[in-house]
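# An overview of the molecular structure
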Amino acid sequence: MVNVVGVRFRTAGKIYYFDPCDISFKKGDMVIVETARGVECGEVVVPNHEVPDDDVVAPLKNVIRKADEDDLKHVQENHEKEKEAFNICLEKIRKHGLEMKLIDVEYTFDNNKVLFYFTADGRVDFRELVKDLASVFRTRIELRQIGVRDEAKMMGAIGACGRTLCCSTHLAEFHPVSIKMAKEQSLSLNPTKISGTCGRLMCCLKYEQETYEYLLKKTPKVEAVVQTPQGQGTVVQINLLKEKVKVKLDSEQGADIKEYHVDEVRVVKDVEKRNDQDDKVLEELKVLED
């Protein structure tokens, strides 16, 4: 087991483990740490605790010290400089006529590097831009191209649910989301209804997927032949969340439809229903998964 402390550098950002070096930290403490890109200031979100050796990426970097007032003042000064750097970079992008959208600017705590985050439809030759920026800021420059999901996470917005985006409030990492999830949850396959502000599938489709997969395994498909307490019949409708199915019973008197809990029926003959039209729609919507 290894004693670590969890530190985050951005709101809803990834949590990184550091060696506390025998110093006790509590949640909310601001600390100065050594990272792969230099000295940084971050917030403790997970106090000192032990984790298995396999959960740690060696070598573990150290917490240098708890941040003092001067450190916090320096962080604030860097934020002010980031606003100025953003405007300067916008001007340089226009000057070079580059097809790119600047999203954010970040100074490392020690000011040894300035990172510029941007989005673009394809590859961008920004070598001349880097030289131009380096001559202005007199420090190392890094331009990092990000995806539309990362853009939404950095910028923040209000989702269709009326709440602040999950990715900018509590989702530390993006999990794979597929169009198959939307279909299995019986959602409309209209792109405008299942896409987030980033234009990709909503991350919240992942939240209940495990439950839907469990229910789908125990629920007969529509058109499956099942045995009920009143005899054999064919499933005509399912309600996954209520765990109920409507069955058209085989009756000499004609159609007789009754509702049962899934535990009350037994599948006699299952169906492997294939709809080529649905497959075509799903394939067209796969662009939303990127």
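Our structure is the block above this text.
Throughout, a residue's number is its position along its own chain's written sequence, starting from 1. Side-chain atom pairs in this predicted model are given and counted only at pLDDT of 80 or more, local residue features only at pLDDT of at least 70, and totals for whole chains, interfaces and linings cover all residues. Side-chain numbers come from the whole structure's heavy atoms, not from hydrogens or water.

## Let's talk about the overall build of the chain
Strands here are runs of E lasting at least two residues and helices are runs of H or I lasting at least four, both read from the DSSP assignment and numbered beginning at the N terminus. A tally of regular secondary structure across the chain gives 7 helices and 13 strands. Taking 290 residues into account, the globule formula puts the C-alpha radius of gyration at 19 Å, and the chain, at 27 Å, lies well above it. Out of the 290 residues in the chain, the part that is buried amounts to 36%. The contacts in the chain between residues at least 6 apart in sequence include a share of 58% that link residues at least 24 apart. Surface exposure here means Shrake-Rupley accessible area, sampled with a 1.4 Å probe, where a residue is shielded only by the protein chains that are shown. About 18,100 Å² of surface is accessible on the chain, with carbon and sulfur atoms providing 48% of the total. For the chain, the distance from the average site of its 45 positive side-chain charges to the average site of its 52 negative ones is 3 Å. Here the globule rule reads 2.2 Å times residues to the power 0.38, and the radius of gyration is calculated from C-alpha atoms. Only protein chains enter the calculation, and the probe is 1.4 Å; a residue is then buried if its accessible area is under 20% of its type maximum, exposed if over 50%, and partly exposed in between. Any two residues whose heavy atoms approach within 4.5 Å are treated as being in contact. The charge count includes Lys and Arg as positive and Asp and Glu as negative, but it does not include His or the ends of the chains. Charge placement uses NZ in Lys and CZ in Arg. For Asp and Glu, CG and CD serve respectively.

## Here we look at the packing of helix α1 (residues 69-96) against helix α2 (residues 127-137)
With axes taken as lines fitted to C-alpha atoms, and helix axes fitted only over the stretch in contact, angles between N-to-C directions fall between 0 and 180 degrees. Between α1 and α2, the shortest axis-to-axis distance is 10 Å and the interhelical angle comes to 140°. Crossing of α1 over α2 shows right-handed handedness. Across from Ala-85, Ile-88, Cys-89, Lys-92, Ile-93, Lys-95 and His-96 in α1, the residues of α2 making contact are Glu-128, Leu-129, Asp-132, Leu-133, Val-136 and Phe-137. Counted by class, the contact of α1 with α2 contains 8 nonpolar, 1 polar and 4 charged residues. In this scheme, a crossing is called left-handed if the near helix is turned counterclockwise away from the far one by less than a right angle; it is called right-handed if the turn is clockwise. Here the nonpolar group is Ala, Val, Leu, Ile, Met, Phe, Trp, Tyr, Cys and Pro; Asp, Glu, Lys and Arg are the charged ones; every other residue, Gly included, is treated as polar.

## Describing the sheet that holds strand β11 (residues 244-249)
A pair of strands is treated as paired once DSSP finds two or more bridges between them. Read across the sheet, 5 strands follow the order β12-β11-β10-β9-β13 without closing on themselves; strand pairing throughout is antiparallel. On the outer flanks of this sheet lie β12 (256-261) and β13 (266-269), each paired with one strand and no other. For this sheet, the mean inter-axis angle between neighbouring strands, taken without regard to orientation, is 45°. Looking at chain direction, strand β9 (residues 225-228) and β13 are connected through 3 bridges and run antiparallel. Directly across from Gln-227, in β13, lies its bridge partner Arg-266.

## So, the sheet that holds strand β1 (residues 2-8)
An order of β2-β1-β4-β3-β5 is seen for the 5 strands of this open sheet, with the pairing classed as antiparallel. Looking at which strands have only one partner, the edges of the open sheet turn out to be β2 (15-18) and β5 (63-66). Recorded for the sheet is a direction-independent mean angle of 45° between the axes of neighbouring strands. Alignment of strand β3 (residues 30-35) against β5, held across 3 bridges, turns out to be antiparallel. Paired with Ile-32 across the bridge in β5 is Arg-65.

## Side note on the packing of aromatic side chains
Between the rings of Phe, Tyr and Trp (Trp by its six-membered ring), a pair exists once the centres lie within 6.5 Å; its type follows the angle of the planes, with under 30 degrees stacked, over 60 edge-to-face, and the other angles tilted. All chains considered together, the criterion is met by 4 aromatic pairs. Ring centres of Phe-9 and Phe-18 lie 6.1 Å apart, and the angle between their planes is 85°; on these two criteria the pair is classed as edge-to-face. Classification of Phe-9 as partly exposed rests on a relative accessible area of 27%. In this structure Phe-18 comes out as buried when scored by relative accessible area, which is 4%. Seen in terms of ring centroids, Phe-118 and Phe-126 are 5.8 Å apart; in terms of plane orientation they differ by 80°. Their pairing is edge-to-face. Looking at Lys-153, its charged tip hangs above the ring of Phe-174, at a distance of 5.7 Å from the centre. Placement of a charge over a ring requires the Lys NZ or Arg CZ to be within 6 Å of the ring centre, with the centre-to-atom vector within 35 degrees of the ring normal.

## Brief notes about the pattern of salt bridges
The term salt bridge refers to a side-chain nitrogen of Lys or Arg lying within 4 Å of a carboxyl oxygen of Asp or Glu. On inspection of all chains with the given rule, the structure shows 21 salt bridges. Among the salt bridges present, the one from Glu-151 reaches Lys-101, with a minimum N-O distance of 2.6 Å. Pair noted here: Glu-151 is in helix α3 (residues 148-155) and Lys-101 is in strand β6 (residues 101-107), with a separation of 50 residues, a long-range link. Residue Glu-151 is classed as buried on the basis of its relative accessible area of 14%. Among the residues examined, Lys-101 registers a relative accessible area of 43% and is labelled partly exposed. Ionic contacts of the salt-bridge type, sharing partners, join the residues Arg-10, Arg-37, Glu-40, Asp-104 and Glu-106 into one network.

## Here's the deal with unusual backbone geometry
Across residues other than glycine, the phi torsion is negative in most instances, and most of the peptide bonds are trans. In this structure, Ala-12 is a non-glycine residue whose phi angle is positive, near 60°. Mapped onto the fold, Ala-12 is located in the loop between β1 and β2. Phi angles above zero are rare outside glycine, and Cys-21 is one such case at about 55°. Relative to the helices and strands, Cys-21 is located in the loop between β2 and β3. Residue class for Cys-21 comes out partly exposed when judged on its relative accessible area of 32%.

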